[in-house]
Amino acid sequence: MIRQIAEKLDFPADAIDCLIKAKELLYTNEHAAKLFGIAKEQVFTPADLTYMDTLSAIAEETGINRYTLDMLFFLSCADRMRALYDEKGIDESIYWASLSDLKYKLTECKKLHGAYGSFTKNWFPRFLRAEAFALGRLQYETKPFPMEAYGDLLKQGDVVCNCHIPSSGALLGEDVLASLKMAYDFYPQYRRNGILPITCNSWLLYPPVAELFKKGSNLDWFYKIFEILNTKVQEHNSDFWRIFNLPFSEENLQNAPENSSLQRSIKAFLQAGNHLGAGLGIILFDGKNILTQR
């Protein structure tokens, strides 16, 4: 099953070979294989993070790279994920789109850590448990609204859709709009007077960074369709890796690539003593139009 799913997700051949070897090594250890089964039960229990400790124990016992083990684990849960999506009547295309997040994580992990795997242990289980979904270009989950209020539309604790931006290519306006329309149809229970509020917390919505976007670019457009509600500086530039495929350090900053105008601008911004940050933004979408567009 691992090979078939990985091939459908268009994993590189050497990544598939790596995962198959890890699987073979895992199942030569009876105790580790038993723990692997226990972890698969744990991960489908909402808010249960013990599967991470179980996987750590397996990695230590078998010597399998932890990033590779996590990817093997998530792929091994895909059949149960499919059954859950079928049970909830979720279209097969959404299942495969959501599962495709593993390809994005595989690519990120290889660039950042030099290993085929996943380094975001607590992210993909939301897809496994049908708590988050890929709907076109963006991914969505539901969360409590964190601010005290948003006019008369929202109060703190109200459930809203929160979107994420996977590293799956250009952020084209038409793709974002198509995704918002999919979300509008997928989450009718969260519309308010025909409006679907959608939040997003991202480094792309941090105003000092957004000032560096080329005017009229895809990123500039994306930033401007949100009303920014709150911002927070990242003292340790935790999203540095998303831009440069390197963990943040002063040495990595000096050696960071300058392959695009955005990389060059952000590198200069950070070298000047500034920091990355994140902005919490909101979109109001009526099924056709973004009402919050500036």
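In this report, we go over the structure that sits alongside the text. (Residues numbered from 1 in each chain as written. Predicted model: local features only at pLDDT ≥ 70, side-chain atom pairs only at ≥ 80, totals over all residues. Heavy atoms only, no water.)

**So, the pairing of strand β8 (residues 277–285)**
Judged by how many residues are buried, β8 sits mostly within the fold: nine of nine residues are covered. Burial of β8 is two-sided: the residues Gly277, Gly279, Gly281, Ile283 and Phe285 facing one way and the residues Ala278, Leu280, Ile282 and Leu284 facing the other way are all buried. Here strand β6 (residues 196–202) runs beside β8; their pairing, made up of seven bridges, is antiparallel. The residue of β8 that forms the bridge with Ile198 is Ile283. (Buried < 20%, exposed > 50% of the residue type's maximum accessible area, 1.4 Å probe, protein only. Helix = DSSP H or I, 4+ residues; strand = E, 2+ residues; numbered from the N terminus. Pairing = 2+ DSSP bridges.)

**Regarding helix α6 (residues 78–87)**
What α6 keeps buried is the set Ala78, Met81, Leu84 and Tyr85. End-on view of α6: buried residues confined to an arc of 115 degrees, all on one side of the axis. Contacts from the buried residues of α6 go to α1 (2–8), α5 (66–76), α7 (92–99), α9 (125–128) and β1 (132–135). Just beyond α6, the residue with positive phi is Gly89, at close to 70 degrees. (Arc of directions from axis to C-beta. Contact = heavy atoms within 4.5 Å.)

**Considerations on the pattern of salt bridges**
Scanning the model with the defined rule gives 13 salt bridges in all. Here Glu141 makes a salt bridge to Arg126, at a shortest N to O gap of 2.9 Å. Of this pair, Glu141 sits in strand β2 (residues 138–144) while Arg126 is found in helix α9, placing the two residues 15 residues apart along the sequence. With relative accessibility at 7%, the residue Glu141 sits in the buried group. Of the charged contacts, one joins Asp239 and Arg242 as a salt bridge, the two residues approaching to 2.7 Å between their closest N and O atoms. Several salt bridges converge on common partners, so that one network encompasses Arg82, Asp86 and Glu92. (Salt bridge = Lys/Arg side-chain N within 4 Å of Asp/Glu carboxyl O.)

**Brief notes about the nonpolar core**
One finds Phe11 and Leu99 to be the most contacted residues of the largest nonpolar core, which totals 87 residues. Residues Phe145, Tyr150, Ile282 and Leu284 belong to the second largest nonpolar core, which totals eight residues. (Core = buried A, V, L, I, M, F, W, Y, C linked by side-chain atoms within 4.5 Å.)

**Some thoughts on helix α2 (residues 13–27)**
For α2, which comprises 15 residues, the first-to-last C-alpha distance of 21 Å matches the rise-based estimate of 21 Å (1.5 Å per residue) to within 8%. Buried within α2 are the following residues: Ala15, Ile16, Leu19, Ile20, Ala22 and Leu26. For α2, the buried positions fall inside an angular range of 160 degrees around the axis, keeping them on one side. Opposite its buried face, α2 presents the exposed residues Ala13 and Lys21, each directed more than 90 degrees away. Buried residues in α2 make contact with α1, α3 (30–43), α4 (50–62), α5 and α8 (101–113). (Expected span 1.5 Å × (residues − 1).)

**Concerning the sheet that holds β2**
What the six strands build is an open sheet, ordered β1-β2-β5-β6-β8-β7; its pairing is mixed. Since the sheet does not close on itself, it has two edges, and those belong to β1 and β7 (227–233), each with one partner. Pairwise comparison of adjacent strand axes, ignoring direction, gives a mean angle of 30 degrees for this sheet. Taken together, the six bridges between β7 and β8 define a ladder with antiparallel strand orientation. Bridge pairing in β8 links Val233 to Gly277. (Axes fitted to C-alpha atoms, helices over the stretch in contact; angles between N-to-C directions.)

Take it as geometry only, folks, not as evidence of what the structure does.
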